Amino acid sequence: MSTRVALLQGTLDVLILRTLLLGAQHGQGIARAIQQQSENVLLVEHGALYPALQRLEAKGWIRAKWGLSSNNRKARFYTLTQKGRKQLSQESSQWWTLAEAIGRILGPNNRNPEEV
Amino acid sequence: MFGKRRLDDFSEELRSHLAIEADRLREEGLDENEARRQARINLGNLMLQEEQFYESSRWAWLEQLRQDVRYSLRQILQAPAFAITAVLTLALGIGAPTAIFSLIHVVLLKSLPVPRPSELYMIGEAKHTGVYSGIETEWDIFSYDLYKYLRDHTSGFESLAAFQADPRRVGVRRIGDPRAAQSFGAEYVSGNYFQTFQVPAFAGRTIGEEDDRAGAPLVAMISYRAWQEHYALDPSVVGASFGLNGTAVTIIGVAPPGFFGDAVRANPPDFWLPLASEPDVNHARWVQNAQLHWLYVMGRVKSGSAIRSIEGQMQVELRQWLTQGPGVSGLLDVSLIPRQTLHLRPGGSGMGLARATYSDGLKLLLAISGFVLMIVCANMANLMLVRGIARRRQTSISLALGAARGRILRQALTESVMLGLIGGIAGIGIAFSGTRALVSSVFVGNSLPVDTTPDLTVLAFAIGVSIVTGLMFGVGPAWSATRADPIDALRGAGRSTQHSSFAQRGLVVTQAALSLVLLTAAGQLILSLRNEANQKFGFVSEGRIAVRIDPNLAGYKVDQLDALYRRIQDTLRRLPGVLNVSYALFSPMSGSNWTTDVSFEGRPPGLDGENTTSWARVGPAYFDTIGTAIVRGRPVLESDIDSTRHVAVVNEAFAQRFFPGEDPIGKHFGARPKFEKSLEIVGIAANAKYREPDQPTFPMFFLPRPQVTHYDNPGTMAFESRSLYVNDIVLHVAGANLSMEEPIRRAFAGIDPNLPIFWIQSLETAKTKQLSQQSLIARLTSLFGLTALLLASIGLYGVTTYAVAQRSKEIGIRVVLGADRNSVVGMVLRNAYVLVATGLGFGIPLAIVMGRLIRSRLFGVDWYNPTILGGAAAVLGICALLATIVPARRAASLEPLDTLRGD
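From a predicted model like this one, the values you see are computed outputs, not experimental measurements. (Residues numbered from 1 in each chain as written. Chains lettered and ligands numbered in written order. Predicted model: local features only at pLDDT ≥ 70, side-chain atom pairs only at ≥ 80, totals over all residues. Heavy atoms only, no water.)

Draft legend 1. Region of the structure containing the overall build of chain B. Counting secondary structure elements, chain B contains 26 helices and 23 strands. Within chain B, the proportion of its 903 residues that are buried is 55%. The long-range fraction of contacts in chain B, counting pairs at least 24 apart against all pairs at least 6 apart in sequence, stands at 81%. Surface exposure of chain B reaches about 39300 Å², of which carbon and sulfur atoms provide 58%. (Helix = DSSP H or I, 4+ residues; strand = E, 2+ residues; numbered from the N terminus. Buried < 20%, exposed > 50% of the residue type's maximum accessible area, 1.4 Å probe, protein only. Contact = heavy atoms within 4.5 Å. Areas by Shrake-Rupley, 256 points an atom, 1.4 Å probe, with all protein chains shown as cover.)

In structure tokens, the structure reads:
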């Protein structure tokens, strides 16, 4: 069973950037990638996805172009820019620093073992 | 716009996303329709996302504005009757203040057409003018010597220029031109005048310092206007020799077009001459008399200068000059010197001579046109309210479908602002044509110094007023439109029996009140004008003509004057139709005036300015010719010559002011202390108005032309000598005045062809000119008052019609139930008249206040005037009656079945 965790604000941006590190992708593909990679913990609402994509595009961290999907559908593909790459590494390290600090405070992982 | 393009882009992206999702679901096993449906569900509210995207875009508000504008235009065009009424009403309401503002802008606000006018500073406020001798306390007019002193000792000015305060006319004739001399305005200026204003010559060169030296060749500059209108832009004018008052000068250059000098005045100068040439052309040698103050001083300060410190420095210099220099009037009381001061003022808008005369009148007109604008707004608000109510159904449906109230409010406001702008543009058209007419009426009979086409400032004003007007009359109705309850849409709006809203009623009341105020003011002003025009002027203007000459400028010597004036009198008397001829230094209503202080025998001399009177020299039979009665004693006679006893005739005001309760005949006075015995009073003339028609008659005395008193004071003596050259020949003719002009000119040509005539004018015309400003204001106020009345009537008509329409069902029901049709109609009308009465109730105290505010313009009319107030109220009542007749009749002829059936 998957536990749905509320996504902290601003983390969607870094997740999108990280997803695009692996290559160009369209909006649908990005949402699915995040869902799969997080093992269904993070389900991206499309209502949040597209505003996030606009934001990132406005800031110049990603670039968009029309292209053809695997099913020969016309789709808008996003790619990471140089600035975006820099931003990604910055934010990733910030995130890890944060996560470690919080982890240290909260102590070792006390979650109940999953019922298999 | 980018927003639009990206929205399409985004929509396409969403659709592609949908398609891809559907594909995926199909791959997972769902069939076509199910896949698509599921994809849709997964994606959520597409439209909402599109909207969110759209609204996050920065240009959304602009897009919405465009939509609102297009919608408004469509709405407006769909109701042509309403649109035309609205636009016409607005055009009038906006055009009027714009025209007035245009005038104010031209007369009061505009900068001189010179570079960097903000660097220009003038001394004083031009309260003194002409030629002045004496102490000023607050100095604004200077002698040549004093100007030079200030110029040479003040370091803060880049250049300090001086120019004649009161340019006079000169006779001009191009050497070799066969035509007779014509009179033009001419101004004497310092050598650095054009340099100070940084005005280059259009052709030739400007007057420079080298021309402003004693002994330099005589030169002059001509204005572009004169060059164009009188010499057809002939290039040979530059370098040509012209005779100015008979003296040959070389024209060295043409001033640029649009340059009219240093002040906004009617009849700007057409010729500029260096100060040093004044003795040769003006023959008065003012530049050589340190005690004659006839120059204004203006300069361009060095950038970064501290004005106050320059001012302080100049104040010290002034006092030094008064102490050490030739002094003032010789016998200056030294204790007064520390009180002498001057102040620097920004000079960028010129000397502002027209300002003092016209500013009060213009402000009043602006206030009145503001009233009209308010009435127009009230009318428009009414119209908009009615429209809003009619469209209530539509608005309710929009609200029910989810439109934001704010958006509807915005749309309504956009519509009213659009109307305002359209009306404003039409109003600009009105203002454009109206301004020209207005300016000609204000500067009556004279040439306009400035361009009257509306420039950017005026256009900005008009547009600003349009937008504000649109907002003002749109806010109320828009607000009430958005308060529409959506449930009304379902119920079917229009079935309500509510009376016209409070706002509508309030508007009619406001209009009625404002109309009353304007009508009352108009009545008072018109009556004042009539009183002023019909008052006893103390002289007769019918059949009287004045001819202005200047023998001084034509080079006559003092001893030639006796013969000249006798010849003039004899020759003119022999013309057919001429009953009598005489002359005076200046005639009544001519715009001229000479004043002096007087001292009386047996009394201590008054302070400077305490005993000031007007005075003039007159010829024999003057009082007869001008139609002024001699109350006691005798007039000036032919036998009064220099060698006989020096006499004076005083007017009643003089007698009352200086000899109350006594008989002035036989008493003595003079123009200076120690000369109190020089003039003996031999007659009292009836009061005659020589100056402003709305001021009480000034004390005045009249001297025989040849009798000269030799004063010890050079300043006074200069005036005394100059006054021997009396300027105005006055004729009493029988029959029509104007046909005399040709014979008079020929007669003068016969006496001396080199003596130019400056103007020939009947005293009737002179009077009209003096009354012109008052007349204009009265006429405009009446125009506005009638417009206000018309608008208020239309408003009342609209409200009543609407009320009848609203209550048509109610009326139908009542009639069917047996009520008397007339009493039903009376009920509707009663409401209307209650509104008018309330309007009157508010308007009456407002009108009284208005009367008090304009009391300075009233002449012989009480500011609190129940008669006029009552009359205005009656007129309003009658118009209300007329306005409600048609709706009343319509109400009376309603078929009850029709009203009950209709929805």
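Draft legend 2. The arrangement of the interface of chain A and chain B in detail. Opposite the 17 residues of chain A that make contact, chain B presents 20 residues. Here chain A packs against chain B, burying approximately 1600 Å² in sum over the two surfaces, 49% of which is carbon and sulfur. Remark: the boundary between chain A and chain B carries 3 salt bridges. For Glu13(B), the salt bridge goes to Arg76(A), with nearest N and O atoms at 3.4 Å. The tally of links from chain A across to chain B stands at 8 residue pairs in polar contact (both at pLDDT 80 or more). When residues of the side of chain A that touches chain B are traced back to their parent elements, those giving at least two are helix 2 (27-37), helix 3 (46-59) and strand 3 (74-80) of chain A. The dominant element in the side of chain A that touches chain B, judged by the number of residues it contributes, is helix 3 of chain A, at 5 residues. Classifying every residue of the side of chain A that touches chain B gives 5 nonpolar, 8 polar and 4 charged. (Buried area = accessible area lost by both parts, 1.4 Å probe. Salt bridge = Lys/Arg side-chain N within 4 Å of Asp/Glu carboxyl O. Polar contact = N/O pair within 3.5 Å; in protein donor to acceptor, adjacent residues only side chain to side chain. Nonpolar A, V, L, I, M, F, W, Y, C, P; charged D, E, K, R; others polar.)

Draft legend 3. Highlighting the sheet that holds strand 2 (residues 62-68) of chain A. Residues and elements named next belong to chain A. The strand order across the open sheet built from 3 strands is 1-3-2, with neighbouring strands paired in antiparallel fashion. Strands with a single pairing partner mark the edges of an open sheet, and in this sheet they are strand 1 (25-26) and strand 2. Pairing geometry for strand 2 and strand 3, over 7 bridges, is antiparallel. Each residue of the ladder has a partner; that of Ile62, found in strand 3, is Leu80. Contacting strand 2 and strand 3, helix 3 runs over the sheet at an angle of about 120° to strand 2. (Pairing = 2+ DSSP bridges. Axes fitted to C-alpha atoms, helices over the stretch in contact; angles between N-to-C directions.)

Draft legend 4. Fine view of empty space enclosed by the protein. Residues and elements named next belong to chain B. Taken as a whole and judged by the stated rule, the model has 7 cavities of 30 Å³ or more. For the largest cavity, the calculated volume is near 80 Å³. Taken together, Val508, Gln511, Ala512, Ala792, Ser793, Leu796, Val836, Leu876, Cys879 and Ala880 form the lining of the largest cavity. Counting residues per element, the ones that place at least two in the lining of the largest cavity are helix 16 (502-534), helix 22 (763-806) and helix 25 (866-892). For the lining of the largest cavity, the residue count by class is 8 nonpolar, 2 polar and no charged. By volume, the second largest cavity is sized at about 50 Å³. Every residue along the wall of the second largest cavity is listed here: Val172, Arg173, Arg174, Asp177, Arg179, Ala180, Gln182 and Tyr231. No other element matches strand 3 (residues 168-174), which puts 3 residues into the lining of the second largest cavity. Considered class by class, the residues forming the lining of the second largest cavity number 3 nonpolar, 1 polar and 4 charged. (1 Å grid on protein atoms, 1.4 Å probe; cavity = no way out; pocket = protein on both sides within 12 Å on 5 of 7 lines; lining within 4 Å. Points joined across faces, edges and corners; volume = space filled by probe spheres on them.)

Draft legend 5. Layout of the packing of aromatic side chains. All names here are of chain B. Applying the stated rule across the entire model yields 38 aromatic pairs over all chains. Taken together, a centroid distance of 5.9 Å and an interplanar angle of 80° make the contact between Trp594 and Phe719 edge-to-face. In this pair, Trp594 is assigned in the loop between strand 13 (578-584) and strand 14 (595-597) and Phe719 in helix 20 (residues 714-722), connecting sequence segments 125 residues apart. One aromatic cluster in this structure is built from Trp594, Phe600, Trp615, Phe654, Phe658, Phe659, Phe669, Phe701 and Phe719. (Phe/Tyr/Trp six-rings, centres within 6.5 Å; stacked < 30°, edge-to-face > 60°.)

Draft legend 6. Main features of the pattern of salt bridges. Tallied over the full model, the rule gives 34 salt bridges over all chains. We note a salt bridge from Glu34(B) to Arg37(B), for which the minimum N-O separation is 3.2 Å. Linking Glu34(B) with Arg37(B), this pair stays in helix 2 (residues 32-43), spanning 3 residues, or about one helical turn. In this structure Glu34(B) comes out as partly exposed when scored by relative accessible area, which is 29%. A salt bridge links Arg174(B) to Asp234(B); the shortest N-O distance between them is 3.4 Å. With Arg174(B) in strand 3 and Asp234(B) in the loop between helix 8 (224-231) and strand 7 (241-244), this residue pair connects regions lying 60 residues apart in the sequence. Judged by relative accessible area, Arg174(B) falls into the buried class, the value being 18%. What makes Asp234(B) partly exposed here is its relative accessible area of 27%. Linked through salt bridges whose partners overlap, the residues forming this network are Arg73(A), Asp23(B), Arg26(B), Glu32(B) and Arg36(B).

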